[in-house]
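Geometric and topological summary
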Amino acid sequence: MAKVRPGRVVADHDEDLVVFTVGVRINKLWKVGRWLPVLASIPKMLRELEDPELGLLDSRVMVGGRVVAVVQYWRSAEHLERYAHSQVHSHRGFWKRFNREVKDNGDVGLWHELYRVPAGAHETSYVNMPPYGLAKATKEKDAARTDPDDHHHETGGVH
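Here's what I pulled together on the structure shown here. (Residues numbered from 1 in each chain as written. Predicted model: local features only at pLDDT ≥ 70, side-chain atom pairs only at ≥ 80, totals over all residues. Heavy atoms only, no water.)

A word on the overall build of the protein chain
Check the secondary structure of the protein chain and you find 4 helices and 7 strands. From first element to last, N terminus to C terminus, the protein chain shows the α and β order β-β-α-β-β-α-α-β-β-α-β. Seen through its principal axes, the protein chain has C-alpha atoms that stretch 55 × 30 × 30 Å. Expressed as a percentage of its 159 residues, the buried residues of the protein chain come to 37%. Restricting to contacts in the protein chain with at least 6 residues of sequence separation, those with at least 24 account for 74%. (Helix = DSSP H or I, 4+ residues; strand = E, 2+ residues; numbered from the N terminus. Buried < 20%, exposed > 50% of the residue type's maximum accessible area, 1.4 Å probe, protein only. Contact = heavy atoms within 4.5 Å.)

Listed below in structure tokens is the structure:
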């Protein structure tokens, strides 16, 4: 388990980045043969994305109800696009298989959202947390302010 860092920190990142959320929704619980292969593909792709050359900075899997979601931080949309369309990586094969076996039958839902974040257009705050989110994906620094009423100091992004 990651060690908790006491106090308040912010992400120390001053470059553009992309936040990508992607997920699976199990629409028909009894159709295990449809959704289990989709869920099983997630760890394989995440292991593959551990190669820093591919551009993924960090990711976190979250489960809630019938949804498994992955929040990812990427260096750029171009890195993500290259991975998604690569002939040698898992995603393209997964997508072809999904379209052949599930497509629009309604058994399993897929979604994604891509947010381009220009340098300086983010705000972060982590209090008594292990490395997390954008600060884990990049690096962290001590927060300039720790008092919630002190609005005259930098907060690590948008003010």
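Remarks on the sheet that holds strand S1 (residues 5–11)
Within the open sheet, the 3 strands sit side by side as S6-S1-S7. Their pairing is antiparallel. What marks the edges here is a single partner per strand, and that holds for strand S6 (126–129) and strand S7 (140–142). Going from strand to strand, the sheet's axes swing by 50 degrees on average, the running direction of each strand aside. (Pairing = 2+ DSSP bridges. Axes fitted to C-alpha atoms, helices over the stretch in contact; angles between N-to-C directions.)

Focus: helix H3 (residues 90–101)
Spanning 12 residues, H3 covers 16 Å between terminal C-alpha atoms, matching the ideal 16 Å at 1.5 Å per step. Every buried residue of H3 is listed here: Ser90, Phe94 and Phe98. Buried residues of H3 fall within an arc of 65 degrees about the axis and therefore sit on the same side. (Expected span 1.5 Å × (residues − 1). Arc of directions from axis to C-beta.)

Observations regarding the layout of surface pockets
By volume, the largest pocket is sized at about 710 Å³. What lines the largest pocket is a set of 29 residues, among which Phe20, Val22, Ala84, His91 and His112 lie closest to the centre. Where the lining of the largest pocket is concerned, the elements lending two or more residues are strand S2 (17–26), helix H1 (32–48), strand S4 (67–74), helix H2 (77–85), H3 and strand S5 (108–117). No other element matches H2, which puts 6 residues into the lining of the largest pocket. (1 Å grid on protein atoms, 1.4 Å probe; cavity = no way out; pocket = protein on both sides within 12 Å on 5 of 7 lines; lining within 4 Å. Points joined across faces, edges and corners; volume = space filled by probe spheres on them.)

Description of unusual backbone geometry
Notably, Lys103 is not glycine yet its phi reads approximately 45 degrees, a positive angle. Positionally, Lys103 belongs in the loop between H3 and S5. With a phi close to 55 degrees, Asn128 is a non-glycine residue in the positive phi region. By secondary structure assignment, the location of Asn128 is in strand S6.

Section: the packing of H1 against H3
At a minimum axis separation of 10 Å, H1 and H3 run at an interaxial angle of 170 degrees. One finds that H1 runs roughly antiparallel with respect to H3. In this structure, H1 uses Arg34, Val38, Ser41, Lys44, Met45 and Glu48 to contact H3, whose residues at the interface are Ser90, His91, Phe94, Phe98 and Glu101. Taken together, the residues that form the contact of H1 with H3 break down as 4 nonpolar, 3 polar and 4 charged. (Parallel < 35°, antiparallel > 145°, perpendicular 65-115°, else oblique. Nonpolar A, V, L, I, M, F, W, Y, C, P; charged D, E, K, R; others polar.)

Remarks on the pattern of salt bridges
Taken as a whole and assessed by the stated rule, the structure comprises 7 salt bridges. Measuring nitrogen to oxygen at the nearest pair gives 2.7 Å for the salt bridge that ties Arg5 to Asp142. Taken together, the residues Arg5 in strand S1 and Asp142 in strand S7 connect sequence positions 137 residues apart. Classification of Asp142 by relative accessible area gives exposed; the value is 55%. The closest approach of N and O atoms between Lys31 and Asp107, which form a salt bridge, is 3.8 Å. Residue Lys31 is found in the loop between S2 and H1, and its partner Asp107 is found in the loop between H3 and S5; the two are separated by 76 residues along the sequence. If you follow the salt bridges from partner to partner, you end up with Lys28, Lys31, Arg34 and Asp107 in one network. (Salt bridge = Lys/Arg side-chain N within 4 Å of Asp/Glu carboxyl O.)

Nothing here speaks to function; it is all geometry.
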